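A closer look at the structure
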Amino acid sequence: MRRRYAINLALGFLVGGLFLWLALREVHWGALLEGIKRADYRWLPPLVLVALFSHLLRAWRWQMLLKPLGLRPHVGRAFASIMIGYMCSYAIPRIGEVVRAAHLARLERASFSAVLGTVAMERLLDVLVLLLALGSVLGLYVGRWPLLGGLWREPTVWLRAHWPLLLAIACGFALGVLLVWRWYRSGLRVGPLRRFLGAFGEGLRSVRALSNPAAFWASTALMWACYALMTYLPFHMFGLGRLDLLDAWVLMTLASVGVVLPSPGGTGTYHFFAQQTLMLLFSVDRNTATLYAVITHGAQLVAYVLIGWAALLWTGLPILPKSPAALAVREANP
């Protein structure tokens with residue numbers, strides 16, 4: 001398992017490094033440093049506050065998913081587990097989901113696989129909302145996209161100009177498929193795997209037994225509204241006040257595609273997708289677009305790591321659990 005984690009870690013950093021190189025390869029560093037000095041950092045505190053509120057909403061929503069399993073964790077514990085998971089994701093790609101499930105399962109003395117099932121359901125819902133958001137972006141902006149317009153007019157020129165984008169997407173997709181394939185080849189025995197999947201499925205089905213579906217879906221809508229606001233506030237840090245909330249929704253949606261790819265905390269993938277969206281759709285110059293991506297990602301990284309450590313000290317539990325396979329075997333063979 002250590003070897004598998006090492007390979008996944010190396011692949012994650014390879015993906016992040018590739019996208020980060022694509023984002024920074026043509027940046028003028030002098031102009032970037034000057035932009036860092038001129039940025040209006042008064043907008044950082046409200047950005048962090050909105051981000052924390054969005055994670056409190058996520059903790060509340062997760063709490064509702066856990067209730068059908070007979071678990072009633074305090075929203076503060078759920079929030080602590082989420083922030084610890086985010087902190088760990090900056091070190092090891094995608095480990096945060098496993099960490100937060102294992103952390104809360106230990107706090108509540110519950111089944112790890114059942115709690116992990118609720119996390120998987122959360123992420124599945126996030127992917128569905130992201131797909132809906134992508135559909136809304138296509139509907140709103142399809143006539144304004146020079147990126148796609150050039151593809152139909154001069155396909156050869158377009159492919160030459162945007163080969164880094166195509167290469168990055170292809171590599172990210174291929175590596176994502178490889179990671180999923182390696183997970184299924186992790187070597188779990190049939191008996192423990194069946195019991196693990198049974199508890200996991202119980203967590204997935206918790207969405208069908210919600211006591212307050214209206215509150216659940218309202219929390220989901222508010223959470224995504226917070227994400228759009230988190231994208232909008234930094235516009236004022238970098239002199240991009242001409243962009244509005246609708247533009248922020250588009251940027252949030254397309255940058256989220258980068259976060260979905262397997263890289264440590266979205267490093268590199270977020271930078272590239274945010275930068276390219278600002279440049280190609282909103283005609284923002286490369287240095288300002290890169291500055292936006294670097295500062296917004298860096299601010300959240302610092303905040304999440306500090307809050308993650310505070311949550312860890314508050315709960316007093318180890319950060320990293322065993323691998324999902326080891327936890328499943330331990331639950332199946334107590």
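Residues numbered from 1 in each chain as written. Predicted model: local features only at pLDDT ≥ 70, side-chain atom pairs only at ≥ 80, totals over all residues. Heavy atoms only, no water.

Let us look at empty space enclosed by the protein. Within the structure shown, the criterion is met by two cavities of 30 Å³ or more. Roughly 40 Å³ of internal volume is contained in the largest cavity. Those elements that provide at least two residues to the lining of the largest cavity are α4 (75–89) and α5 (95–108). No other element matches α4, which puts four residues into the lining of the largest cavity. (1 Å grid on protein atoms, 1.4 Å probe; cavity = no way out; pocket = protein on both sides within 12 Å on 5 of 7 lines; lining within 4 Å. Points joined across faces, edges and corners; volume = space filled by probe spheres on them. Helix = DSSP H or I, 4+ residues; strand = E, 2+ residues; numbered from the N terminus.)

Where nonpolar side chains cluster on the molecular surface, the patch consists of Leu124, Val127, Leu128 and Leu131 and spans about 350 Å² of accessible area. Examined against the element boundaries, leucine 128 turns out to sit in helix α6 (residues 112–141). (Patch = residues over 30% accessible without salt bridge, like charges linked within 9 Å, V, L, I, M, F, W, Y side chains within 5 Å. Areas by Shrake-Rupley, 256 points an atom, 1.4 Å probe, with all protein chains shown as cover. Salt bridge = Lys/Arg side-chain N within 4 Å of Asp/Glu carboxyl O.)

This part covers the packing of aromatic side chains. Going through the model one piece at a time under the given rule, you end up with eight aromatic pairs. When the centroid spacing of 5.5 Å and the interplanar angle of 20° are considered together, the rings of tyrosine 86 and tyrosine 304 count as stacked. Here tyrosine 304 lies in helix α14 (residues 286–315) and tyrosine 86 lies in helix α4, a separation of 218 residues in the sequence. Neither residue differs from the other here; tyrosine 86 and tyrosine 304 are each classed as buried. When the ring of tyrosine 232 is compared with that of phenylalanine 235, the centres are 6.0 Å apart and the planes differ by 80°; the resulting orientation is edge-to-face. Across this residue pair, the class does not change: tyrosine 232 and phenylalanine 235 are buried. Here the guanidinium or amino end of arginine 25 rests over the ring plane of tryptophan 21, the centre of that ring lying 5.8 Å away. The side chain of arginine 100 reaches across the aromatic face of tryptophan 62, ending 4.5 Å from its centre. (Phe/Tyr/Trp six-rings, centres within 6.5 Å; stacked < 30°, edge-to-face > 60°. Buried < 20%, exposed > 50% of the residue type's maximum accessible area, 1.4 Å probe, protein only. Lys NZ or Arg CZ within 6 Å of the ring centre and 35° of its normal.)

Looking now at unusual backbone geometry. For arginine 109, which is not glycine, the phi dihedral falls at a positive 55°. Considering the arrangement of structural elements, one finds arginine 109 in the loop between α5 and α6. Of note in the backbone geometry, serine 283 takes a positive phi value of approximately 55° without being a glycine. A relative accessible area of 64% places serine 283 in the exposed class.

Attention now moves to the packing of helix α3 (residues 44–66) against helix α11 (residues 213–232). At a minimum axis separation of 9 Å, α3 and α11 run at an interaxial angle of 160°. Here α11 runs roughly antiparallel to α3, going by the angle between their axes. Crossing handedness for the pair α3 and α11: left-handed. Seen from α3, the contacting residues are Leu47, Val50, Ala51, Phe53, Ser54, Leu57, Arg58, Trp60, Arg61, Met64 and Leu65; seen from α11, they are Ala215, Phe216, Ser219, Thr220, Leu222, Met223, Cys226, Tyr227, Leu229 and Met230. For the contact of α3 with α11, the class distribution of residues is 16 nonpolar, three polar and two charged. (Axes fitted to C-alpha atoms, helices over the stretch in contact; angles between N-to-C directions. Parallel < 35°, antiparallel > 145°, perpendicular 65-115°, else oblique. Left-handed = near helix turned anticlockwise from the far one by under 90°. Contact = heavy atoms within 4.5 Å. Nonpolar A, V, L, I, M, F, W, Y, C, P; charged D, E, K, R; others polar.)

Further remarks concern the nonpolar core. Judged by nonpolar contacts, the single largest core of 46 residues is most densely connected at Trp62 and Tyr304. Put simply, the parts of the chain that give this core at least two residues each are α3, α4, α5, α6, α11 and α14. Considering every element that reaches this core, the biggest residue donor is α4, with nine residues. Sequence-distant contacts of tyrosine 304, that is, excluding residues within four places in its chain, are made with Ala51, His55, Met83, Tyr86, Met87, Tyr90 and Met230. (Core = buried A, V, L, I, M, F, W, Y, C linked by side-chain atoms within 4.5 Å.)

Right, let's talk about the confidence of the model for the protein chain for a bit. Within the protein chain, residue pLDDT values average 77, and 72% of them lie at 70 or more. Of all the helices and strands in the protein chain, helix α7 (residues 146–153) carries the lowest mean pLDDT, 46, while α11 carries the highest, 93. Low confidence marks residues 147–155, where pLDDT is under 50. Its contacts with residues over four positions away, or in another chain, come to eight contacts. Segment residues 187–197 is flagged for pLDDT under 50; beyond a separation of four residues in sequence, or across chains, it makes 15 contacts in the model. (pLDDT = per-residue confidence, 0-100.)

The end-to-end C-alpha separation of α14 is 43 Å, in line with the 44 Å expected for 30 residues at 1.5 Å each. Capping of α14 at its N-terminal end is provided by aspartate 285; its side-chain oxygen lies 3.3 Å from the backbone amide nitrogen of asparagine 287. (Expected span 1.5 Å × (residues − 1). Polar contact = N/O pair within 3.5 Å; in protein donor to acceptor, adjacent residues only side chain to side chain.)

For the coordinates displayed, the defined rule picks out eleven salt bridges. Residues glutamate 122 and arginine 58 are paired through a salt bridge, measuring 3.7 Å at the closest nitrogen-oxygen approach. Residue glutamate 122 is located in helix α6, and its partner arginine 58 is located in helix α3; the two are separated by 64 residues in the primary sequence. Of the charged contacts, one joins glutamate 122 and arginine 100 as a salt bridge, the two residues approaching to 2.5 Å between their closest N and O atoms. Linking glutamate 122 in helix α6 with arginine 100 in helix α5, this pair joins segments that are 22 residues apart in sequence. Connected via shared salt-bridge partners are Arg58, Arg61, Glu97, Arg100, Glu122, Arg123 and Asp126.

It is worth spelling out the side chain of glutamate 97 at this point. Looking at the secondary structure, you find glutamate 97 in helix α5. The class of glutamate 97 is buried, set by a relative accessible area of 17%. Other than its neighbours up to four places away in sequence, glutamate 97 contacts Leu116, Val119 and Arg123.

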